[in-house]
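Single-letter residue listing:
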Amino acid sequence: MQHGKYRFIVGFLVVPMALYVILVIWPFIQSIYYSFTDWTGLSPDFKMVGFDNYAKMLDDDIFWKSLQHSVLLAVLLPLVTLGLALFFAFMLNVGGRRRKGAAIAGVRGSGFYKIAYFFPQVLSIAIVAILFQFAFDPAQGMINGTLKAVGFDDVPDWLGDPDLALWVIMGVLVWCTTGFFVVLFSAGMASIPKDFYEAALLDGASRFTTFFRITLPLLWDTVQSGWVYMGILALGAEGFAIVHIMSVGPGGPDYSTTVLPLYVYQSAFRDGQAAYATTIGVALLLVTLAFAAIVMRVGRRERLEF
C-alpha cells in the first residue's frame, strides 16, 4: 500500500500548486517588487527608488485615514454581523416555544425566515449598493421620503455627511452579509444533538445559558472561521465595491469613507501612480495577515467534539 504513495500524491498536487503559485504567489511577489520602483503603470520604463514609496505612504494623511476606516470595518463589521447571525440562527433553531412532542424547536415559520435572510446573498454587491444609493438619496430617496411623510422635516444627507456616511455604508454591508451566516450557523446548530438542550432545560438552564454554554462552544470553530472570512471581505472586495459605488467622490465627502482597497484603485488608475498603489497594496496585505493571525490567536481554544 505504501509503494508509489508519494508519486501518487505529487501527481494530484503539482497542477493545483502550480496554478496557485502562478496566479496568487507570483502577483504578490511582483507587487512587492514594483513597490520599490517609480512605475506609473503606463510606461514600460521605470527605475528603482528604494523605500521612497514607503516613506511617502507613512507621511500620507489619506493613507492613515483609509487605514483607520479599513480597520474599523474589519473589527466592527464581523462583530455586528456574526452577533446578529448567531442570534437569528439560535432563534430559528432553538429559540421557539415548546411544542407537543418536541422540547426544543425553532420559531414558527423558520424555513421562510431562512430564505428571507439569505435573499440578499442572491443579489450582486453592486446591485445592493446601487439600490441603497437610491434609497439614501437626500432629495428623492425612499428613506428621507418616509421620514418627511411622518413629520420629520430636517432630514439628514446620509451619504453627504462625513459623520454619517461610513456608518450608513457599514449598515448596508451588515444587511447584505448577515443572511449568509444565519444559514451557515443554522446548519451547524442543526447538527448539535437535541439531547444536550433537553438535558440543560431539565436542569433549569435558561435559553441564555444554553446559548453560551452549549451552542457557542460547539460552534466556535465556525464562528472563528466566519470572523476571519468577514474581516477579509471588509478589507477586500466587498468593502471596495460598496464604498466605490455608494460614497460621494467616491471615498468622500472629505475622504470620510475611503478604505485601503479604494485608495489602491485611485492611486493606480486615477493618479497614474501604480508603484505607489502597489506599496499601499503591500500594506493592505500585511494588515489582512495581521488581522487573521490575531483572530486565530485570540480565538484559539480547545476543540469540543460531540
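Now for a look at the structure at hand.

Cut-offs applied
- Residues numbered from 1 in each chain as written.
- Predicted model: local features only at pLDDT ≥ 70, side-chain atom pairs only at ≥ 80, totals over all residues.
- Heavy atoms only, no water.
- Helix = DSSP H or I, 4+ residues; strand = E, 2+ residues; numbered from the N terminus.
- Contact = heavy atoms within 4.5 Å.
- Areas by Shrake-Rupley, 256 points an atom, 1.4 Å probe, with all protein chains shown as cover.
- Lys, Arg positive; Asp, Glu negative; His and termini not counted.
- Charge placed at Lys NZ, Arg CZ, Asp CG, Glu CD.
- Core = buried A, V, L, I, M, F, W, Y, C linked by side-chain atoms within 4.5 Å.
- Buried < 20%, exposed > 50% of the residue type's maximum accessible area, 1.4 Å probe, protein only.
- Salt bridge = Lys/Arg side-chain N within 4 Å of Asp/Glu carboxyl O.

A word on the overall build of the chain
Counting secondary structure elements, the chain contains 13 helices and 0 strands. The helix and strand sequence of the chain, counted from the amino end, reads α-α-α-α-α-α-α-α-α-α-α-α-α. Along the first, second and third principal axes, the C-alpha set of the chain runs to 80 × 75 × 30 Å. Taking the intrachain contacts of the chain between residues at least 6 apart in sequence as the baseline, contacts between residues at least 24 apart amount to 66%. Looking at the chain as shown, the accessible area adds up to about 17,800 Å², and 67% of this sits on carbon and sulfur atoms. Of the side-chain charges in the chain, 20 are positive and 21 negative, and the distance between the mean point of each set is 18 Å.

Considerations on the nonpolar core
Leu86, Phe136, Phe185, Ile242 and Met246 are the most contacted members of the largest nonpolar core, which totals 44 residues. Those elements giving two or more residues to this core turn out to be helix H3 (61-93), helix H5 (125-135), helix H7 (165-190), helix H8 (194-202), helix H9 (207-218), helix H10 (220-235) and helix H11 (237-246). Counting residues per element, this core draws most heavily on H7, which supplies 11 residues. If near-sequence neighbours (up to four positions away) are discounted, Leu86 is found in contact with Phe185, Met189, Phe211, Leu216, Leu219 and Val223. In terms of nonpolar packing, the next biggest core, distinct from the first, is built from 18 residues, Leu67, Tyr276, Ile280 and Phe291 among them.

Notes on unusual backbone geometry
In this structure, the amide linkage connecting Gly249 to the following residue, Pro250, adopts the cis form with an omega of 0°. For Pro250, the location among the structural elements is in the loop between H11 and helix H12 (260-270). Here the bond from Gly252 into Pro253 is cis, since omega is 0°, no more than 30 degrees from zero. Here Pro253 shows up in the loop between H11 and H12. Although it is not a glycine, Asp254 adopts a positive phi angle of roughly 55°. Within the secondary structure layout, Asp254 lies in the loop between H11 and H12. Here Tyr255, not a glycine, exhibits a phi torsion of approximately 60°, which is positive. By the secondary structure assignment, Tyr255 is in the loop between H11 and H12.

Things to note about the pattern of salt bridges
Applying the stated criterion across every chain, the model contains 1 salt bridge. Residue Arg270 pairs with Asp271 through a salt bridge whose shortest N-O separation is 2.9 Å.

Concerning the environment of Ser35
You can see Ser35 is positioned in the loop between helix H1 (5-34) and helix H2 (52-58). Distance from Ser35 to Val282, taken between C-alpha atoms, is 7.9 Å for residues 247 residues apart in sequence. Among residues more than four places away in sequence, those in contact with Ser35 are Gly50, Asn53, Tyr54, Ala275, Thr278, Thr279 and Val282.

By themselves, these are just geometric observations and shouldn't be taken as functional.
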